[in-house]
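As a plain string of letters, each chain reads:
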Amino acid sequence: MITNPFIESRDLFAKDLSDRLSVEDFKKIFTPVFANEAIGKVCQNGKYDISILRTYGIEVKNFYFDTMLASYILDPDQKHNMDSLSEKYLKYSPIPLTDLIGAKKNPELIFNVDEKTLCNYAAEDSDITFRLYEKLSAELKKENLEKVAYEIEFPLAPVLEDMERAGVKVDEKALNKFNMRLEKLIDEYKKKIWEIAGEEFNINSTKQLQVILFDKLKLPKSKKTKTGFSTNAASLEALKGKHEIVDTLLDFRQVTKLRNTYVDALPKLIHPRTGRIHTTFNQTVASTGRLSSFNPNLQNIPIRTELGKEIRKAFIAGNDRNVLLSADYSQIELRIMASICEDETLMKAFHNKEDIHRSTAALVFMTPPEEVTPDMRRKAKEVNFGILYGIGAFGLRNRLGISQAHAQEIIDTYFNTFKNVKAFIDNSIQTAKAKGYAETLFGRRRYLRNINSDNRTVRQFEERVAINMPIQGTAADMIKIAMINIFNELEKRKAKTKMVLQVHDELIFDMPEEEVDEIKPVIIELMENALPLKVPVTVDAGIGKNWLEAH
DNA sequence: GGATTGAGTCT
DNA sequence: GGAGACTCAATCC
């Protein structure tokens with residue numbers, strides 16, 4: 001598919017492509033092809049092409065194949081840009097775009113390129129994409145990856161385009177107001193730190209901070225970094241109570257992070273015409289099958305701390321008749337693990353709708369469930385997370401601040417209780433070693449080329465990946481299927497509800513209040529049944545005027 | 001000016 | 001020395 005590099009994907013409004021081609025002419029030329037259901041479309045990064053064409057009022061029909069996505073499905077850790085794919089699969093290096101518009105890639109220069117050069121470049125682009133399609137479609141079939149492609153990734157692309165275009169409303173005034181509060185705090189903390197340190201220095205500089213903490217104030221050093229000793233939050237936590245500077249430092253870090261990364265940055269990304277923030281979802285970066293979000297990343301909006309919650313509050317419904325609906329999978333990764341390993345104890349806990357961390361605590365600490373203390377539950381929660389990540393006694397000791405022997409004891413008891421979980425872990429590693437890759441319930445793969453490495457650190461890392469990827473990846477498969485089904489259902493019902501965000505196990509919708517009664521149960525049902533497991537899958541859904549309220 | 005490092009945010 | 005991402009400021013080259 002030929003697209004004009006002058007048009008930026010962030011441009012949601014049509015403009016003439018040049019003095020020779022009006023929007024009307026553009027539509028006239030391309031609509032008969034792209035809007036024709038009988039013509040299948042083969043693209044490299046079709047989400048982008050779909051977006052450009054929609055900007056011009058052309059709805060792409062029959063989006064059939066995407067070479068970039070195919071490459072990602074075949075081997076997610078490779079490069080997926082067209083030039084790389086061409087070199088890899090066609091042994092051919094395409095005309096570099098920089099030949100046309102210079103090393104600095106100034107898009108305006110495209111107008112200086114003569115027509116013949118431009119045509120050759122564009123025609124080659126299309127030719128390569130089609131040749132790649134021939135190679136990659138055969139490869140998908142051969143590797144048994146057609147389901148992931150045709151049932152998940154290809155149909156998901158237009159859904160993501162629609163979400164990006166919808167965007168999410170952010171309350172700029174609320175952020176500005178919060179900013180004033182943060183500025184005051186930053187100033188206060190900064191002065192206090194300087195006063196305690198006895199000198200003014202750049203607190204953001206780890207280099208300067210190390211001198212203050214470890215040389216001047218003689219605080220005990222803990223973890224090493226490449227360039228010195230760590231001043232990160234975990235290290236500072238360990239120093240709490242040893243010196244009054246530590247608490248203020250942690251507070252300073254928190255508020256500067258909130259200001260720099262969110263409160264200052266988000267308003268700049270509000271689109272002047274839509275008044276909303278339009279993130280971009282990357283469908284081909286995460287090795288496990290998850291999505292990522294950038295410019296801005298809306299998958300790491302704070303929620304943990306009181307100050308952080310203020311930022312979530314600034315994500316609001318599109319207008320005063322709308323609400324946000326947040327629907328998230330409950331304990332999805334543990335449910336997937338239970339389903340894969342068919343552990344009776346774990347499956348029973350989910351069938352009985354138990355609080356899984358409490359039940360784990362009861363079994364691991366051999367205590368009646370009603371006598372489980374908050375601290376026991378917290379520890380069990382860490383154990384459950386640790387299991388999903390392939391943790392060892394060393395890691396658990398660090399997380400819980402207990403002795404390694406005690407950590408080992410907890411792990412032993414856990415595996416003794418959940419016998420199939422131990423079998424699942426061993427089996428995941430063995431299968432990955434034998435096949436050379438880990439895979440999800442749906443068949444998505446991730447190659448583990450170093451799982452037989454002689455280097456213990458390298459090998460053990462991939463052993464942990466072999467445990468985690470099938471779980472995290474299956475959760476990704478599940479929510480992606482749900483997104484496709486929900487999108488289609490909303491379209492079928494001609495609903496005004498828009499899906500606007502995905503945060504790994506959660507979907508956010510911006511919807512008219514009067515649609516809630518009809519649509520909310522539909523969303524829950526489609527999420528819960530997207531990819532049936534051997535344990536119940538449950539979704540919690542809430543509504544509110546802002547994201548914090550809804551979640 | 002681009003790349004790296006260390007830090008912190010989320011699931 | 002638990003999995004997966006993205007962003008920011010300082011520093012390095």
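If you're wondering where the values come from, they're calculated on a predicted model, not measured in any experiment.

Tallying secondary structure elements over chain A gives 23 helices and 13 strands in all. Oriented by its inertia axes, the alpha-carbon framework of chain A measures out at about 70 × 60 × 55 Å. Sequence separation of 24 or more characterises 66% of the internal contacts of chain A that already satisfy a separation of 6 or more. Computing the positive centroid from 80 side-chain charges and the negative centroid from 80, chain A places the two 4 Å apart.

With that settled, the discussion passes to the protein's contact with DNA strand B. Around DNA strand B, the structure places 23 residues, and the nearest of them are Thr231, Ala233, Arg290, Asn300 and Arg304. Counted by atom, the contact set of DNA strand B within 4 Å of the protein is 84% sugar and phosphate. Within the side chain of Arg253, one N or O atom sits 2.9 Å away from a phosphate oxygen of DNA strand B. Taking Val503, its main chain carries an N or O atom lying 3.4 Å from a sugar or linking oxygen of DNA strand B. Among the elements that take part in the surface near DNA strand B, helix H11 (residues 245-263) stands out by supplying 4 residues, more than any other.

With domains assigned, chain A is organised as domain 1 (23-166), domain 2 (170-277), domain 3 (292-332 + 476-550) and domain 4 (347-467). Computed over C-alpha atoms only, the centres of domain 1 and domain 3 are separated by 29 Å. Residue-level contacts link 10 residues of domain 1 with 11 residues of domain 3. Contact between domain 1 and domain 3 buries roughly 980 Å² in total, counting both sides, with carbon and sulfur atoms accounting for 76%. Contact with domain 3 buries surface across domain 1, with Ile152, Val159 and Met163 losing the most and accounting together for 51% of the total. In this assembly, domain 1 and domain 3 are joined by 2 salt bridges.

Once that is clear, we can look at the environment of Leu533. Counting through the fold element by element, Leu533 comes out in the loop between helix H22 (516-528) and strand S13 (539-544). Residue classification places Leu533 among the buried positions, given a relative accessible area of 15%. Between the C-alpha atom of Leu533 and that of Ser137, which follows or precedes it by 396 residues, the distance is 29 Å. Those residues in contact with Leu533, other than ones at most four positions away along the chain, are Arg335, Ile336, Ser339, Leu441 and Met478.

Turning our attention to the sheet that holds strand S12 (residues 506-512). Each strand in a sheet pairs with another by means of backbone hydrogen bonds, the pair being arranged parallel or else antiparallel. The strand order across the open sheet built from 4 strands is S11-S12-S8-S13, with neighbouring strands paired in antiparallel fashion. Looking at the sheet topology across the chains shown, the edges are occupied by strand S11 (498-502) and S13. Neighbouring strand axes in the sheet, compared pairwise and without regard to direction, differ in orientation by 20° on average. In this structure, strand S8 (residues 322-329) lies alongside S12, joined through 7 bridges in antiparallel fashion. Pairing of Val323 across the sheet is with Met511, part of S12.

Here we come to the sheet that holds strand S4 (residues 276-277). The strand order across the open sheet built from 3 strands is S4-S3-S7, with neighbouring strands paired in antiparallel fashion. In this open sheet, the two edge strands, each paired with only one partner strand, are S4 and strand S7 (315-316). With 2 bridges joining them, strand S3 (residues 168-170) and S4 adopt antiparallel strand pairing. Looking at the pairing, Lys169 lines up with Arg276 of S4.

Our next topic: the packing of helix H17 (residues 374-388) against helix H19 (residues 404-417). What describes two packed helices is the angle between their axes and the distance between those same axes. With their axes 12 Å apart at the nearest point, H17 and H19 run at an angle of 75° to one another. The pairing of H17 with H19 is recorded here as roughly perpendicular in orientation. The residues of H19 that touch H17, namely those facing Val383, Asn384 and Ile387, are Ile410, Tyr414 and Phe415. Tallied by class, the residues present in the contact of H17 with H19 amount to 5 nonpolar, 1 polar and no charged.

What follows deals with the protein's contact with DNA strand C. Lining the immediate environment of DNA strand C, one finds 34 residues, of which Ser205, Asn295, Asn297, Gly386 and Arg399 sit closest. Among the atoms of DNA strand C lying within 4 Å of the protein, the sugar-phosphate backbone contributes 63%. The side chain of Arg290 places a nitrogen or oxygen atom 3.5 Å from a base nitrogen of DNA strand C. Between a phosphate oxygen of DNA strand C and a side-chain N or O atom of Ser292, the distance comes to 2.9 Å. When residues of the surface near DNA strand C are traced back to their parent elements, those giving at least two are helix H9 (206-216), H11, strand S6 (292-294), H17, helix H18 (393-400) and helix H21 (456-492).

With an omega dihedral of -5°, the bond running from Asn295 to Pro296 counts as a cis peptide bond. Structurally, the position occupied by Pro296 is in the loop between S6 and helix H13 (306-313). One non-glycine residue, Asn295, lies in positive phi territory at about 55°. Take Asn295: it is sitting in the loop between S6 and H13. Assessed through its relative accessible area of 38%, Asn295 is described here as partly exposed. A positive phi is found at Lys494, a non-glycine position, where the angle reads about 50°.

Thresholds applied
Every chain begins its residue count from 1, and numbering advances along the sequence as written. Each chain is given a letter, starting from A, and each ligand a number, starting from 1, according to the order in which they appear as written. Predicted model: local features are reported for residues with pLDDT of at least 70 only, side-chain atom pairs are reported and counted for 80 or more only, and whole-chain, interface and lining totals are derived from all residues. Side-chain descriptors were evaluated using all non-hydrogen atoms of the structure, hydrogens and water having been removed beforehand. The helix and strand labels rest on DSSP assignments: H or I over at least four residues marks a helix, E over at least two residues marks a strand, and numbering proceeds from the N terminus. By definition in these notes, contact holds between two residues if any of their heavy atoms fall within 4.5 Å. Positive charges come from Lys and Arg alone, negative charges from Asp and Glu alone, with His and the N- and C-terminal ends not counted. Taken as the charge location is NZ of Lys, CZ of Arg, CG of Asp or CD of Glu. Throughout, near means a residue has at least one heavy atom within 4 Å of the molecule or strand. As used in this structure description, the phrase polar contact means that two N or O atoms lie within 3.5 Å; if the pair is within protein, one of them must be able to donate a hydrogen and the other to accept it, and residues adjacent in sequence are counted only when both atoms belong to side chains. All domain edges in this entry derive from an automatic or database-based domain assignment. Put simply, buried area is how much 1.4 Å-probe accessible surface two parts lose in total, over both of them, once they are put together. For this analysis, a salt bridge means a side-chain nitrogen from Lys or Arg found within 4 Å of a carboxyl oxygen belonging to Asp or Glu. Accessible area is worked out with a 1.4 Å probe on protein chains only. A residue is then buried under 20% of its type maximum, exposed over 50%, and partly exposed in between. Two strands are counted as paired when DSSP detects at least two bridges linking them. Axis lines are fitted through C-alpha atoms, for helices just across the contact stretch, and the angle between N-to-C directions can take any value from 0 to 180 degrees. Comment on the angle field: the value is read as roughly parallel under 35 degrees, roughly antiparallel over 145, roughly perpendicular from 65 to 115, and oblique elsewhere. Ten residue types, Ala, Val, Leu, Ile, Met, Phe, Trp, Tyr, Cys and Pro, are classed as nonpolar, four, Asp, Glu, Lys and Arg, as charged, and the remainder, Gly among them, as polar.

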